[in-house]
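# Inside the fold
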Amino acid sequence: MWSGPRNLSTAMMYSFAARGDCRVVDEPFYGAYLAETGADHPMRGAVLGSMATDPLDVQKQLNSPVSEPIFYQKHMTHHMLDGWPDVWAEGTQHVFLIRHPARVVASYARKREAPELDDLGFRQQAEIFARTDDPIVIDASDIRADPAGMLQKLCTRVSISWTENMLSWPSGGHVADGVWAAHWYGAVHQSTGFDSAEGPLPDLDPQYDQLAQAAMPIYQSLAAHKIT
């Protein structure tokens, strides 16, 4: 599952974990991304100390067998840096989780000031989409408007069974959460299911509106392929 930050990605991971037949992993390349770029993210030291920071080691982990029938990998597109091999992803089903840029920008800015376009993953999402065979696209707003309907359609597309277990999960987080959950996952830790349908788009300050507008063509190009 490829997405940018602030895009229902953690709730989707919890949804799949709630199936009972699924292993999940939370942003496995985050540590490698921080180590390579030197990016100053919240809890940087804790993240680097909690996980593999060599992308080749991460790839080996992702290719290791799991006992569950389904292995759900939650990936942030901006964590995949140019030049990193992606052979680990061959033979997997790629799904792209998208969200309107205005909503992403508004949510991200509340957690980390002055984001840039590459922090939000839109450009990288489009690049990964372009080199992926049989990609699937699903919109976070559509999921929130009709969780059962959209998840059933997604399950059909990836050839797995649908279960109502995917609609709810225990509050308080999941054992697979990355250490960064303490900073980023406050709202979803209080949840036990998907939030209700989203309201009007947020009003943005000029600099953030400019950022959202820069991402809009990419969002629209991916939205043209989304499950409906």
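The notes below deal with the structure included here. (Residues numbered from 1 in each chain as written. Predicted model: local features only at pLDDT ≥ 70, side-chain atom pairs only at ≥ 80, totals over all residues. Heavy atoms only, no water.)

### Considering unusual backbone geometry
Let me state the cut-off plainly: Secondary structure counts use DSSP, requiring at least four H or I residues in a row for a helix and at least two E residues in a row for a strand, with both numbered from the N terminus. Working definition: with a 1.4 Å probe on protein chains only, accessible area under 20% of the residue-type maximum means buried, over 50% means exposed, and in between means partly exposed.
Phi angles above zero are rare outside glycine, and glutamate 27 is one such case at about 50°. With respect to the helices and strands, glutamate 27 occurs in the loop between strand E2 (22–26) and helix H2 (30–37). Although it is not a glycine, methionine 43 adopts a positive phi angle of roughly 65°. Along the polypeptide, methionine 43 turns up in the loop between H2 and helix H3 (44–50). We classify methionine 43 as partly exposed; its relative accessible area is 30%.

### Structural notes on the environment of asparagine 7
Selection criterion: Residue contacts follow a heavy-atom distance rule, with two residues in contact if any of their heavy atoms lie within 4.5 Å.
Structurally, asparagine 7 can be placed in the loop between strand E1 (2–3) and helix H1 (9–17). Apart from the residues lying within four places of it in its own chain, the contact partners of asparagine 7 are Leu97, Ile98, Arg99 and Ala140.

### Here's the deal with the packing of helix H5 (residues 101–111) against helix H12 (residues 206–223)
For clarity, the cut-off: The axes used here are C-alpha line fits, helices contributing only the stretch in contact, and every angle between their N-to-C directions lies in the interval 0 to 180 degrees. An angle below 35 degrees is read as roughly parallel, one above 145 as roughly antiparallel, one from 65 to 115 as roughly perpendicular, and any other as oblique. The handedness criterion is simple: a crossing whose near helix is rotated anticlockwise from the far helix by less than a right angle is left-handed, and one whose near helix is rotated clockwise is right-handed. Following the grouping adopted for this structure description, the nonpolar residues are Ala, Val, Leu, Ile, Met, Phe, Trp, Tyr, Cys and Pro, the charged ones are Asp, Glu, Lys and Arg, and the polar ones are all others, Gly among them.
Viewed as axis vectors pointing N to C, H5 and H12 meet at an angle of 135°, and their least axial separation amounts to 8 Å. Classified by the interaxial angle, the pair formed by H5 and H12 is oblique. As H5 packs across H12, the resulting crossing turns out to be right-handed. Of H12, the residues touching H5 (which contributes Pro101, Ala102, Val105 and Ala109) are Tyr208, Leu211, Ala212, Ala215, Met216 and Tyr219. Residues of the contact of H5 with H12, tallied by class, amount to 10 nonpolar, no polar and no charged.

### Focus on the packing of aromatic side chains
The test is simple: Ring pairs are drawn from Phe, Tyr and Trp, using the six-membered ring of Trp, whenever the two centres fall within 6.5 Å, and their geometry is named by plane angle: stacked under 30 degrees, edge-to-face over 60, tilted for the rest.
If you walk through the whole model with that rule in mind, you get nine aromatic pairs. Between phenylalanine 29 and tryptophan 88 the ring centres are 5.4 Å apart and the planes differ by 45°, which places this aromatic pair in the tilted class. With a gap of 59 residues between them, phenylalanine 29 in the loop between E2 and H2 and tryptophan 88 in the loop between strand E3 (70–76) and strand E4 (95–98) connect regions that are remote in the sequence. Between phenylalanine 96 and phenylalanine 129, the aromatic rings sit 5.4 Å apart at their centres with planes inclined by 75°, giving edge-to-face as the arrangement. In this pair, phenylalanine 96 is assigned in strand E4 and phenylalanine 129 in helix H7 (residues 122–130), connecting sequence segments 33 residues apart.

### With respect to the nonpolar core
Cut-off, in case you're wondering: In plain words, nonpolar cores are sets of buried Ala, Val, Leu, Ile, Met, Phe, Trp, Tyr and Cys residues tied together by side-chain atoms within 4.5 Å.
Residues Met12 and Leu154 are the most contacted members of the largest nonpolar core, which totals 68 residues. Counting residues per element, this core draws most heavily on H12, at nine residues. Residue contacts for methionine 12: discarding those within four places in its chain leaves Met1, Tyr72, Leu97, Ile143, Leu151, Leu154 and Phe194.

### Quick look at the environment of histidine 41
Note the following rule: Polar contacts, as counted here, are pairs of nitrogen or oxygen atoms within 3.5 Å of one another; within protein the pair requires one atom able to donate a hydrogen and one able to accept it, and residues that are adjacent in sequence qualify only if both atoms are side-chain atoms.
Topologically, histidine 41 is positioned in the loop between H2 and H3. Considered as a pair, histidine 41 and tyrosine 108 are 67 residues apart in the sequence and their alpha carbons are 12 Å apart. At a separation of 2.9 Å, a polar atom in the side chain of histidine 41 contacts the side chain of tyrosine 30.

### Looking at empty space enclosed by the protein
Short version of the rule: Note on definitions: the grid is 1 Å and covers protein atoms alone; a cavity is a set of points where a 1.4 Å probe fits but cannot get out; a pocket is an open set with protein on both sides within 12 Å along at least five of seven lines; lining residues have an atom within 4 Å of a point. Grid points are joined across faces, edges and corners, and a volume is the space filled by probe spheres set on the points.
In this structure the tally under the stated criterion is one cavity of 30 Å³ or more. Every residue lining the largest cavity is listed: Gly4, Pro5, Asn7, Leu97, Ile98, Arg99, Val104, Leu120, Gly121, Phe122 and Gln125. Class assignment for the residues of the lining of the largest cavity results in six nonpolar, four polar and one charged.

### A word on the packing of H7 against H12
Two numbers describe how H7 lies on H12: the axes approach to 9 Å, and their chain directions differ by 35°. When you trace H7 past H12, the crossing you get is left-handed. Within the contact between the two elements, H7 uses Phe122, Arg123, Gln125, Ala126 and Phe129 and H12 uses Ala215, Ile218, Tyr219 and Leu222. Taken together, the residues of the contact of H7 with H12 sort by class into seven nonpolar, one polar and one charged.

### A closer look at the pattern of salt bridges
For the record, the criterion: Take a side-chain nitrogen of Lys or Arg and a carboxyl oxygen of Asp or Glu: if they are within 4 Å of each other, that pair is a salt bridge.
Taken as a whole, this structure holds 13 salt bridges when the rule is applied. The closest approach of N and O atoms between lysine 226 and aspartate 139, which form a salt bridge, is 3.9 Å. Of this pair, lysine 226 sits in the segment after H12 while aspartate 139 sits in strand E5 (residues 136–139); the two residues are 87 residues apart in sequence, bridging distant segments of the chain. Look at the salt bridges and you will find they share partners, linking Arg99, Arg103, Arg144 and Glu198 into a network.

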